[in-house]
Amino acid sequence: MATPHIAAAPGDFAPAVLMPGDPRRAQRIAEILMADARMITDVRGMLGFTGTVNGKPLSVMGSGMGQPSFTIYATELFSQFGVERIIRVGTIGAISPKVEVGDVVVATGAHTDSSMNQLRIPGINFSAVADFHLAQAAYEASLTPQAGVDGTVHLGTVISRDHFYFTPQGQTEALAAYGVLGVEMEAAALYGVAAEYGKQALAVLTVSDHLLDHSGDMSAAERETRFADSLRLAVAAAHS
Ligand code: HPA
């Protein structure tokens, strides 16, 4: 079976899929986590892999950037490939003063300036929320010393914006005042698609920069090691 954007066979995907934005990162994650990873799709270079981690099946596939791209892949995975759980793994720009570069944000809910969820149920401001069970599993994994998480793990809301380079004046400060932890570009759409199909979703995000305080931005090497923290929590949620 193939969909317009995924050329995989029935049963190629595990029930749980980790989704970074970058398909090359999907390949690196597969290589790091799995001894038996095999590529199952590469349409448009959006690489997907399946293997096992700790003896349990897991898939990892790129999502591309932004809510439309994520929605295409999440919809096809949930509706055509038997996927039950999608966990976004990616980066987030912090806006809360409580959050530092290198920390992990588990997005329990996602505000958005996108129209994608607004169009779902006419007249309704849809609440894009994570699956509680997955969020709890990620959080509990962060409490175990074996998880080896160096930074602080924050649970709370994020803003999933459509623009990367344009922001209405004062909006970031206003969101921070409402306790929003950071800015990314996909979680709200993922949570909307999961609700549409009655599936489970979570975003576990590494803080790569701080939009209101640039003092601690990460080096490339640091990005890789700190990214491992969120990966461990994502795998724990995937297999919970
Ligand atoms: N904006 C959107 N997405 C991001 C950012 C940002 O500043 N930083 C990391 N992901």
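Rules of the game
Residues numbered from 1 in each chain as written. Predicted model: local features only at pLDDT ≥ 70, side-chain atom pairs only at ≥ 80, totals over all residues. Heavy atoms only, no water. UniProt positions renumbered as here; feature names shortened; annotations may be inferred. Helix = DSSP H or I, 4+ residues; strand = E, 2+ residues; numbered from the N terminus. Rg over C-alpha atoms; globule rule 2.2 N^0.38 Å. Buried < 20%, exposed > 50% of the residue type's maximum accessible area, 1.4 Å probe, protein only. Areas by Shrake-Rupley, 256 points an atom, 1.4 Å probe, with all protein chains shown as cover. Salt bridge = Lys/Arg side-chain N within 4 Å of Asp/Glu carboxyl O. Pairing = 2+ DSSP bridges. Core = buried A, V, L, I, M, F, W, Y, C linked by side-chain atoms within 4.5 Å. Contact = heavy atoms within 4.5 Å. Near = heavy atom within 4 Å. Polar contact = N/O pair within 3.5 Å; in protein donor to acceptor, adjacent residues only side chain to side chain. Expected span 1.5 Å × (residues − 1).

Within an unreviewed UniProt entry, the label attached to the protein chain reads Uridine phosphorylase, and the organism entered is Actinomyces johnsonii F0542. If you open the UniProt record of the protein chain and go to Catalytic activity (unreviewed entry), you find "uridine + phosphate = alpha-D-ribose 1-phosphate + uracil".

Moving on: the overall build of the protein chain. Scanning the protein chain from N- to C-terminus turns up 6 helices and 9 strands. Here the C-alpha atoms of the protein chain give a radius of gyration of 17 Å, agreeing with the 18 Å that 2.2 N^0.38 yields for 240 residues. Overall, the C-alpha framework of the protein chain stretches about 50 × 45 × 30 Å when taken along its three principal axes. Expressed as a percentage of the 240 residues in the protein chain, the buried residues total 53%. Accessible area for the protein chain stands at about 10,900 Å²; split by element, carbon and sulfur atoms hold 55% of it.

Right, let's get into the pattern of salt bridges. Overall, the coordinates contain 6 salt bridges when judged by the stated rule. A salt bridge links Glu184 to Arg88; the shortest N-O distance between them is 2.8 Å. Placement of the pair is Glu184 in strand S8 (residues 182-184) and Arg88 in strand S5 (residues 85-94), with a sequence separation of 96 residues. By relative accessible area, which is 3% here, Glu184 ends up buried. Where salt bridges share partners, they join Arg88, Glu184 and Glu186 into one cluster.

Within strand S9 (residues 200-210), 11 of the 11 residues are buried, leaving the element largely enclosed by the surrounding structure. Pairing analysis gives 3 bridges linking strand S6 (residues 104-112) to S9, with the strands arranged antiparallel. Residue pairing across strands places Val106 opposite Val204, the latter belonging to S9.

Attention now goes to the nonpolar core. The biggest cluster of nonpolar side chains holds 68 residues, and the ones touching the most others in it are Phe13, Leu18, Leu77, Ile86, Ile87, Tyr191 and Leu202. A total of 7 residues in this core trace back to one element, the largest contributor, which is helix H6 (residues 220-238). Not counting residues within four places of it along the chain, the set of residues in contact with Leu18 comprises Ile29, Leu33, Leu58, Ser59, Val60, Met61, Ile87, Leu231, Ala234, Val235 and Ala238. Counting 6 residues, the second largest nonpolar core, distinct from the first, contains Ile159, Leu175, Ala176 and Val183.

Before going further, it helps to examine unusual backbone geometry. Glycine aside, residues mostly have negative phi, and peptide bonds are mostly found in the trans state. Even without glycine at this site, Arg44 takes up a positive phi of about 55 degrees. Mapped onto the secondary structure, Arg44 falls in the loop between strand S2 (38-41) and strand S3 (48-53). Take Arg44: its relative accessible area is 71%, and that puts it in the exposed class. A positive phi angle, close to 50 degrees, is found at Asn54, a residue other than glycine. Position of Asn54 among the secondary structure elements: in the loop between S3 and strand S4 (56-61).

By nearness alone, every residue bordering the ligand is listed as Thr91, Ile92, Gly93, Phe164, Val183, Glu184, Met185, Ser208, Asp209 and Leu211. Between Gly93 and the ligand, the recorded distance is 3.2 Å, taken from a backbone N or O atom to a nitrogen atom. Within the side chain of Asp209, an N or O atom sits 3.2 Å from a nitrogen atom of the ligand. Taking 260 Å² as the accessible area of the ligand by itself, protein coverage stands at 86%.

With 19 residues, H6 extends 26 Å between its outermost C-alpha atoms, agreeing within 8% with the 27 Å of an ideal straight helix rising 1.5 Å per residue. Burial in H6 covers these residues: Arg226, Phe227, Asp229, Ser230, Leu231, Leu233, Ala234, Val235, Ala237 and Ala238.

One turn of the α-helix equals 3.6 residues, which is why residues spaced by three or four share an orientation. Burial analysis of helix H5 (residues 187-197) places 8 of its 11 residues in the buried class, the great majority of the element. Regarding H5, the residues found buried are Ala187, Ala188, Ala189, Leu190, Tyr191, Gly192, Val193 and Ala194. Positive phi appears at Gly198, one or two residues downstream of H5, with a value of about 65 degrees.

The residue Ser142 is located in helix H3 (residues 132-143) in this model. Given the relative accessible area of 17%, Ser142 is considered buried. In terms of polar contacts, Ser142 uses its side chain to reach the backbone carbonyl oxygen of Tyr139, at 2.5 Å.

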